[in-house]
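So you can see what is in the structure, the chains are spelled out below.
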Amino acid sequence: MCARPLRAYDDVLAARPALAEAIAIAAVGVIAAAGHLRLHLVHISSREGLAAADAARIAGADLSIETCPQYLWTTEADFDRVGNALRMNPPVRTAADQEALRRAVAARDIDIIATDHAPHTDEEKFGVELDRAHPGSPGVQTLYLSCLQLAKDLGNVWLAPRWVSQAPAELVGLAEHKGAIAPGFDADLVIVDPKRKTGVRAEEMRSRQRHSALAGKEFDFAIKEVFLRGEPVTRETRTRGRMVRPAMVAR
């Protein structure tokens, strides 16, 4: 037996069907509920996956859910526009899946919006056939802008910092000094200009892969300034990170 070649985007969807996502979530949900385990689901991409997660919660599983901007902003129809940039795992699916995911983030059934990883170059992504294109899409640079736009479209712009900052900090036990603007917290700040637009263009991207799944999108916000622990960050700044060790949080 040999694997089915990925010659068209329909083959990508067939290779990783939404049913497989739902079955995997259902199985791990049973284990989490039976073992009283804390479960975090990443890269949810489908209506079926959401339904399985809801069922696991009802059955007693203590779980949180994450999805990515590409599942909220693109559908299978975008393959004709962005080509191999849409190749990722799990795959971007239908408009109905996108709508279900958007409803879930609005209702806070999905807790976190995070990024995919894409450590490869444009040549590794676009200089090959679909079957050999490395999966993944760069998203760190456009994460907050895409979330601000979605939150604005949903009627509550303050959902965005919840999705990308507060909820992740709470998840990993860092809520005492990350994820909020308050005395004693790390001064990790993003100053946003709501009167300037930002277009997602390859020449502005700083990742190795410059063409993302969100290429061509325009958002109604621009990043004005960034501060890391109170220190300004610019294109010329060489930032120095530090190991952040999550606290042991009793749940």
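Before any of the text, the structure's been laid out above.
Residues numbered from 1 in each chain as written. Predicted model: local features only at pLDDT ≥ 70, side-chain atom pairs only at ≥ 80, totals over all residues. Heavy atoms only, no water.

1. Looking at the overall build of the protein chain
(1) Moving on: Counting secondary structure elements, the protein chain contains nine helices and eight strands.
(2) Moving on: A compact globule built from 251 residues would reach a C-alpha radius of gyration of about 18 Å, and the protein chain, at 19 Å, matches this within 12%.
(3) Moving on: Judged by the C-alpha coordinates and their principal axes, the protein chain covers about 60 × 50 × 35 Å.
(4) Moving on: When burial is assessed residue by residue, the protein chain has 41% of its 251 residues classed as buried. (Helix = DSSP H or I, 4+ residues; strand = E, 2+ residues; numbered from the N terminus. Rg over C-alpha atoms; globule rule 2.2 N^0.38 Å. Buried < 20%, exposed > 50% of the residue type's maximum accessible area, 1.4 Å probe, protein only.)

2. Considerations on the packing of aromatic side chains
(1) Moving on: With the rule as written, the count across this model stands at two aromatic pairs.
(2) Moving on: Seen from their ring centres, Trp73 and Phe219 are 5.7 Å apart, and the 65° between their planes marks the pair as edge-to-face. One end of the pair, Trp73, is in helix 4 (residues 69–73); the other, Phe219, is in strand 6 (residues 218–219), with 146 residues separating them in the sequence. The residues Trp73 and Phe219 share a single accessibility class, namely buried.
(3) Moving on: We note Arg102 situated over the ring of Trp73; from NZ or CZ to the ring centre the distance is 4.6 Å. (Phe/Tyr/Trp six-rings, centres within 6.5 Å; stacked < 30°, edge-to-face > 60°. Lys NZ or Arg CZ within 6 Å of the ring centre and 35° of its normal.)

3. So, the side chain of Glu66
(1) Moving on: By secondary structure assignment, the location of Glu66 is in strand 2 (residues 62–67).
(2) Moving on: No salt bridge is formed by the buried Glu66; its nearest oppositely charged neighbour, Arg57, is found at 12 Å.
(3) Moving on: Among all residues touching Glu66, those that are not within four sequence positions of it are His40, Leu41, Val42, His43, Ile44, Ile110, Ile112 and Ala114. (Lys, Arg positive; Asp, Glu negative; His and termini not counted. Salt bridge = Lys/Arg side-chain N within 4 Å of Asp/Glu carboxyl O. Contact = heavy atoms within 4.5 Å.)

4. Points about a nonpolar patch on the surface
(1) Moving on: A cluster of nonpolar side chains, namely Val190, Ile223 and Val226, defines an oily patch on the protein surface of about 190 Å² accessible area.
(2) Moving on: Looking at the element boundaries, Ile223 is found in strand 7 (residues 222–228).
(3) Moving on: Among the residues examined, Ile223 registers a relative accessible area of 31% and is labelled partly exposed. (Patch = residues over 30% accessible without salt bridge, like charges linked within 9 Å, V, L, I, M, F, W, Y side chains within 5 Å. Areas by Shrake-Rupley, 256 points an atom, 1.4 Å probe, with all protein chains shown as cover.)

5. Description of empty space enclosed by the protein
(1) Moving on: Scanning all chains against the criterion turns up two cavities of 30 Å³ or more.
(2) Moving on: In this structure, the largest cavity encloses a volume near 40 Å³.
(3) Moving on: Grouping the amino acids of the lining of the largest cavity by side-chain chemistry returns four nonpolar, five polar and no charged.
(4) Moving on: Here the second largest cavity is characterised by a volume of approximately 30 Å³.
(5) Moving on: Along its surface, the second largest cavity is lined by Ser45, Gln70, Tyr71, Thr74, Val92, Arg93, Thr94, Asp97, Gln98 and Leu101.
(6) Moving on: Residue assignment for the lining of the second largest cavity shows that the elements contributing at least two residues are helix 4 and helix 6 (95–106).
(7) Moving on: Looking at the lining of the second largest cavity, the element that brings in the most residues is helix 6, giving three residues.
(8) Moving on: Residue classes in the lining of the second largest cavity are distributed as three nonpolar, five polar and two charged. (1 Å grid on protein atoms, 1.4 Å probe; cavity = no way out; pocket = protein on both sides within 12 Å on 5 of 7 lines; lining within 4 Å. Points joined across faces, edges and corners; volume = space filled by probe spheres on them. Nonpolar A, V, L, I, M, F, W, Y, C, P; charged D, E, K, R; others polar.)

6. So, the nonpolar core
(1) Moving on: Within the largest apolar cluster, 49 residues are counted, with the highest numbers of intra-cluster contacts made by Leu41, Leu63, Ile113 and Trp163.
(2) Moving on: It is helix 8 (residues 143–153) that contributes the most residues to this core, six residues altogether. (Core = buried A, V, L, I, M, F, W, Y, C linked by side-chain atoms within 4.5 Å.)

7. Details of unusual backbone geometry
(1) Moving on: Cis geometry marks the peptide bond from Asn89 to Pro90; its omega dihedral reads -5°.
(2) Moving on: Tracing the chain through its elements places Pro90 in the loop between helix 5 (79–82) and helix 6.
(3) Moving on: Backbone geometry places Arg108, a non-glycine residue, at a positive phi of 65°.
(4) Moving on: Considering the arrangement of structural elements, one finds Arg108 in the loop between helix 6 and strand 3 (112–113).
(5) Moving on: Even without glycine at this site, Arg229 takes up a positive phi of about 50°.
(6) Moving on: Tracing the backbone through its elements, the reader meets Arg229 in the loop between strand 7 and strand 8 (231–233).

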